[in-house]
Amino acid sequence: MSIYDTLNEQQKQGVFTTDGPVLLLAGAGSGKTRVLTHRIAYLIKEMGVQPYHILAITFTNKAAGEMRERVNTIIGHGAEQVWVSTFHSTCVRILRRYIDRIGFDNHFTIYDTDDQKTVMKDVCKRLQIDTKTLKERTIMGAVSSAKDELVSPEEYLRQAQGDYHKMKIAQAYAEYQSVLRKSNALDFDDLIVKTVELFKLCPEVLAGYQDRFRYIMVDEYQDTNTAQFELIRLLASQYRNLCVVGDDDQSIYKFRGANIRNILDFEQVYPEAAVIKLEQNYRSTQHVLDAANAVIRNNAGRKDKALWTQNGEGSMVHFRQFDTAYDEAEFVADDVMRKVREGRASYGNCAVLYRTNAQARMLEERFVVEGIPYDVVGGTNFYARREIKDMLAYLKTVDNGSDDVAVKRIINVPKRGIGATTIARVQEYADGRGISFYDALREADRIMTIGKSAVKLEPFVTMIQTFRSKSEYYGLEGLIKDIIETTGYVEELEQSEEDDAEDRIANIDELISKIVAYEESHEEGSLSEFLEEVALVADIDRIDDDGNRVLLMTLHSAKGLEFSHVYLAGMEDGVFPGYMAITSDSVEDMEEERRLAYVGITRAKEDLTLTCARQRMLRGETQYNPVSRFVKEIPEELLDRKVPSVKRWDEVEYGEDSRERSLFKTKPFDSGEGNTAAYRPVFGTTPAVSAKPKPKAVAVPKRTPAQNRPFISGGGVGALKGVNGLSKGIQGTGEPDYTVGDRVKHVKYGEGTVTGLEKGPRDYQVTVVFDGAGQKIMYAAFAKLKKL
DNA sequence: CGTACTAGTCTTTTT
DNA sequence: GACTAGTACG
């Protein structure tokens, strides 16, 4: 009995076909990760391949981590030598070693979208581009697409001849790159582009990696863009042992440059490629699969395949339409609750998926009200939050003075009386001498133009220099705490009137604990390495699935995951498929949207529920949307409710207190069959409908750093273990004079009883049940509670 | 130089 | 509706 016996025939083929190019078309839930991991095991154990010679590339750190873990389990010793990582980390690793060969400093920083925008704004100002007619975002989008396609600024300019807008973009592109180079920075796209450039310009470097990576595997191949394809092609061109795994039906990242042709044309590029299809699904029930197949069938130009399963038929696909998004959210929350109560589900194996992040809020509100533990994935990335970016900017400045964006970000945060004029003058000086902004600051006294403002700059420089020298011996944790203390950043927040100040502080605490965790797991971890790791994490990487919480996320984020119970909310034309896809004149946009539906449906193992609302608030406007065409593409016999044949809002009869009841009271509307024929988009127009009074707003806790933990006392955000040490002294927050059981008084919430007191990394976290306002978790220093 | 208010934009999705 | 950038004023 070997480990390969549990594989089916196609899977075995995928594992045993080790040499030459292989295209593994793996349908949803067909066990592709298993194939990949077994393949790696087979290469090492049966083929005698050195683990060192194997490269496995994924898109997210999470996927990489999971694969790493599984490889470790099957192979054991030696597994750590297999190079398993994401495209971006792979490139960073290579560039850190060799980018000096193409004129960069190996100590480069990575710019995120926010930083890019800052640079681009600057560029536009300098080039006098009218951002009214040509927006920064447009330029950034164009530049990013160009990079995805490996189009250099020079080439872009050549192609732009005659087109005024494109010429402007070309200029901006060139200038943007030169700013980045001066700042010794690369953006996300550059990581790939520069690696390709390096390989092309330095054949000896490429040859080294070609020899190293004799067996290459790429996961989620349908999401690769042209640059990534080129990268892989170069690496694999020596041995040609390239195994790509993907599913053209799950290609959903066109907007990010993904080129579906990479997978569709693989056999043209590698004529000798073995093509293996994995069509047996081990995840879902037959009904779920039938629904998925029925939807995706409407796409043209896909690789022919159909999923099947030996799992039972399963239950019907549930469909419910509601009057409002509020009702929809209520239903979803209730339904989850009911299933859990009946013992048919646990929170952790339920997920609610939606098209846009904005839809999360209403669901969140209901989950809070019903006390259901949940986690929202995505939205604003933790590391993109203002306070976190500020802290990181300090770290970056300490780490690398040539990162102008970072220096400028924090030079006046907290306020030091250094304004735009001074900054501009310093920049002029720096430009004149060809030095970095920070280096110019150090010579502040020599900059004639700034006059007496120079006095304000000196303390800043001194502070950074002090951090630098101290960081040598007191480690990352000491450094960040020193920064917080010396700058008074948190102090300022504590005094702040803004109501999200507390969340910000919590986020900073979370950052501290992340730094501590990083130091614990990386013996030799340096500041640069930490910043690098942080720059490349995605939201999806941060979810931990052992929390037994319902997950709320976008359909995009859900790819690669599976849940017993899946809710697809907002199944309305105009929401999903989105307004953009409906109005687009390209069929491809709608097809991509349909693939997204396919991804969503196939996340479900047992139970799939589709919901929609007749009326929904979108961008501050009430919209009336018909049921999604994707729901209509599912055969009626698979659904437990009929899809009403209503085409327009004015055909709908709104029930009194109805939720779903009105579904059956709907007047039959029978102008033939056409699903969308009679439907004209009514975006924005608001007919007078007796909408229900708006339910009382519920306070949704601001996204807490790691997870939302509503109503879970005792734990809470600050309950970070093993991070104490320095909690005292930094803020001067002494021990509270109250303890669990004491009666206390709060300025706003009145009197209450302390039910929990936890020592956080920087402050005490106190849980109080107020007589009037219910339970609150807050920071002791912040809450200013009075013992009674 | 900093603050407060206003106007405009945005929403698809993210490494 | 929410957030952000830009402007006017102190």
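Every value quoted in this text rests on a predicted model; they were computed, and no experiment measured them.

Chemist: Residues and numbers for the overall build of chain A, please.
Modeler: Helices and strands together make up the secondary structure of chain A, namely 31 helices and 22 strands. Buried residues in chain A amount to 56% of all 788 residues. In chain A, the proportion of contacts linking residues at least 24 apart, taken out of those at least 6 apart, comes to 75%. Here chain A displays about 34,000 Å² of accessible surface, and carbon together with sulfur accounts for 49% of that area.

Chemist: Could you give me a rundown of the protein's contact with DNA strand B, with the residues and numbers involved?
Modeler: Lining the immediate surroundings of DNA strand B are 25 residues, of which R137, R355, T421, T422 and M580 lie closest. Restricting the count to atoms of DNA strand B within 4 Å of the protein gives a sugar and phosphate share of 67%. T421 places a side-chain nitrogen or oxygen 2.4 Å from a phosphate oxygen of DNA strand B. Between DNA strand B and T554, the relevant distance is 3.2 Å, taken from a phosphate oxygen to a side-chain nitrogen or oxygen of the residue. Secondary structure elements with two or more residues in the surface near DNA strand B: helix 19 (420–433) and helix 25 (555–558). For the surface near DNA strand B, the leading source of residues is helix 19, giving three residues. Residues of the surface near DNA strand B, tallied by class, amount to nine nonpolar, eleven polar and five charged.

Chemist: Help me get a handle on the packing of helix 1 (residues 9–16) against helix 2 (residues 32–45), residues and values and all.
Modeler: The relative placement of two packed helices comes down to the angle between their axes together with the axis-to-axis distance. In contact at an axis separation of 8 Å, helix 1 and helix 2 are set at 45° when each is read in the N-to-C sense. Considering their axes alone, helix 1 and helix 2 lie oblique with respect to each other. Here helix 1 and helix 2 pass one another in a crossing that is right-handed. Across the interface between the two elements, Q11, G14, V15 and F16 of helix 1 pack against R34, V35, H38, R39 and Y42 of helix 2. Classifying every residue of the contact of helix 1 with helix 2 by side-chain character gives four nonpolar, three polar and two charged.

Chemist: Report on a negative patch on the surface, specifying residues and quantitative values.
Modeler: Side chains of E523, E524, E529 and E533 sit close together on the surface and give a patch of like negative charge. By the secondary structure assignment, E533 is in helix 24 (residues 527–535). For E533, a relative accessible area of 41% translates into the label partly exposed.

Chemist: Explain unusual backbone geometry to me, and be specific about the residues and the numbers.
Modeler: When glycine is set aside, most residues are seen to have a negative phi, and most peptide bonds are trans. Each neighbour pair has its own omega, and for V413 with P414 the value is -10°, a cis peptide bond. Secondary-structure assignment places P414 in the loop between helix 18 (404–410) and helix 19. Of note in the backbone geometry, N184 takes a positive phi value of approximately 55° without being a glycine. Relative to the helices and strands, N184 resides in the loop between helix 8 (164–182) and strand 5 (185–187).

Chemist: I'd love a proper account of the nonpolar core, names of residues and values included.
Modeler: If you look at the biggest cluster of nonpolar residues, it comprises 52 residues, and the most contacted ones within it are L392, L395, L441, L511 and F530. Elements represented by at least two residues in this core include exactly helix 17 (386–399), helix 18, helix 19, helix 20 (437–442), helix 21 (454–487), helix 22 (489–495), helix 23 (501–521) and helix 24. For this core, the element with the highest residue contribution is helix 21, accounting for twelve residues. Apart from residues no more than four positions distant in its own chain, L511 is found in contact with F382, Y383, I388, M391, L392, I480 and F530.

Chemist: Any details on helix 24? Residues and values, ideally.
Modeler: Listed in full, the buried residues belonging to helix 24 are L527, S528, F530, L531, E532 and V534. Buried residues belonging to helix 24 abut helix 4 (87–98), strand 4 (109–111), helix 17, helix 21 and helix 23.

Chemist: Describe a positive patch on the surface, naming the residues involved and giving the relevant values.
Modeler: Taken together, the side chains of K117, K121, K125 and R137 define a basic patch exposed on the protein surface. When residues of the positive patch are assigned to their parent elements, the largest contribution, three residues, is made by helix 5 (residues 113–126). For K125, the location among the structural elements is in helix 5.

Chemist: Pulling in residues and values, what's your account of the side chain of E175?
Modeler: Note on placement: E175 falls in helix 8. Engagement of the side chain of E175 in a polar contact is seen with the side chain of R126, the distance being 2.8 Å. Those residues within four positions of E175 in sequence are excluded, and the remaining contacts are V123, R126 and L127.

Chemist: How would you summarise the pairing of strand 12 (residues 350–354) if you had to cite specific residues and measurements?
Modeler: In terms of burial, strand 12 is largely enclosed, as five of its five residues are buried. On strand 12, burial covers both faces: C350, V352 and Y354 on one face and A351 and L353 on the other are all buried. Here strand 12 pairs with strand 15 (residues 563–568) via four bridges, running parallel. Of the residues in strand 15, the one forming a bridge with A351 is V566. Of the strand pairs in this sheet, strand 12 and strand 14 (residues 550–554) are connected by four bridges, and their pairing is parallel. Residue pairing across strands places Y354 opposite T554, the latter belonging to strand 14.

Chemist: Hey, could you go over the pairing of strand 11 (residues 318–324) for me, with residue numbers and the actual values?
Modeler: The element strand 11 is extensively covered by neighbouring structure, given that seven of its seven residues are classed as buried. Pairing geometry for strand 11 and strand 16 (residues 604–618), over six bridges, is parallel. Across the sheet, H318 pairs through a bridge with T609, a residue of strand 16.

Chemist: Before we move on, could you go through the environment of I75 and cite the residues and values that matter?
Modeler: Tracing the backbone through its elements, the reader meets I75 in helix 3 (residues 61–75). Residues I75 and G578, spaced 503 residues apart in sequence, show a C-alpha to C-alpha distance of 45 Å. Among all residues touching I75, those that are not within four sequence positions of it are I40, A41, I44 and K45.

Chemist: Which residues make up the sheet that holds strand 8 (residues 274–278), and what values do they have?
Modeler: Strand order in the open sheet made by the six strands is 3-2-6-7-1-8, with parallel pairing throughout. Of all strands in the sheet, those bounded by a partner on one side alone are strand 3 (83–86) and strand 8. Strand-to-strand twist in this sheet, taken as the mean axis angle between neighbours without regard to direction, amounts to 15°. In this fold helix 11 (residues 226–236) packs onto strand 2 (54–58), strand 6 (215–218) and strand 7 (242–246), with an angle of close to 160° to the strand it touches most, strand 6.

Basis of the calculations
Residues numbered from 1 in each chain as written. Chains lettered and ligands numbered in written order. Predicted model: local features only at pLDDT ≥ 70, side-chain atom pairs only at ≥ 80, totals over all residues. Heavy atoms only, no water. Helix = DSSP H or I, 4+ residues; strand = E, 2+ residues; numbered from the N terminus. Buried < 20%, exposed > 50% of the residue type's maximum accessible area, 1.4 Å probe, protein only. Contact = heavy atoms within 4.5 Å. Areas by Shrake-Rupley, 256 points an atom, 1.4 Å probe, with all protein chains shown as cover. Near = heavy atom within 4 Å. Polar contact = N/O pair within 3.5 Å; in protein donor to acceptor, adjacent residues only side chain to side chain. Nonpolar A, V, L, I, M, F, W, Y, C, P; charged D, E, K, R; others polar. Axes fitted to C-alpha atoms, helices over the stretch in contact; angles between N-to-C directions. Parallel < 35°, antiparallel > 145°, perpendicular 65-115°, else oblique. Left-handed = near helix turned anticlockwise from the far one by under 90°. Patch = residues over 30% accessible without salt bridge, like charges linked within 9 Å, V, L, I, M, F, W, Y side chains within 5 Å. Salt bridge = Lys/Arg side-chain N within 4 Å of Asp/Glu carboxyl O. Lys, Arg positive; Asp, Glu negative; His and termini not counted. Charge placed at Lys NZ, Arg CZ, Asp CG, Glu CD. Core = buried A, V, L, I, M, F, W, Y, C linked by side-chain atoms within 4.5 Å. Pairing = 2+ DSSP bridges.

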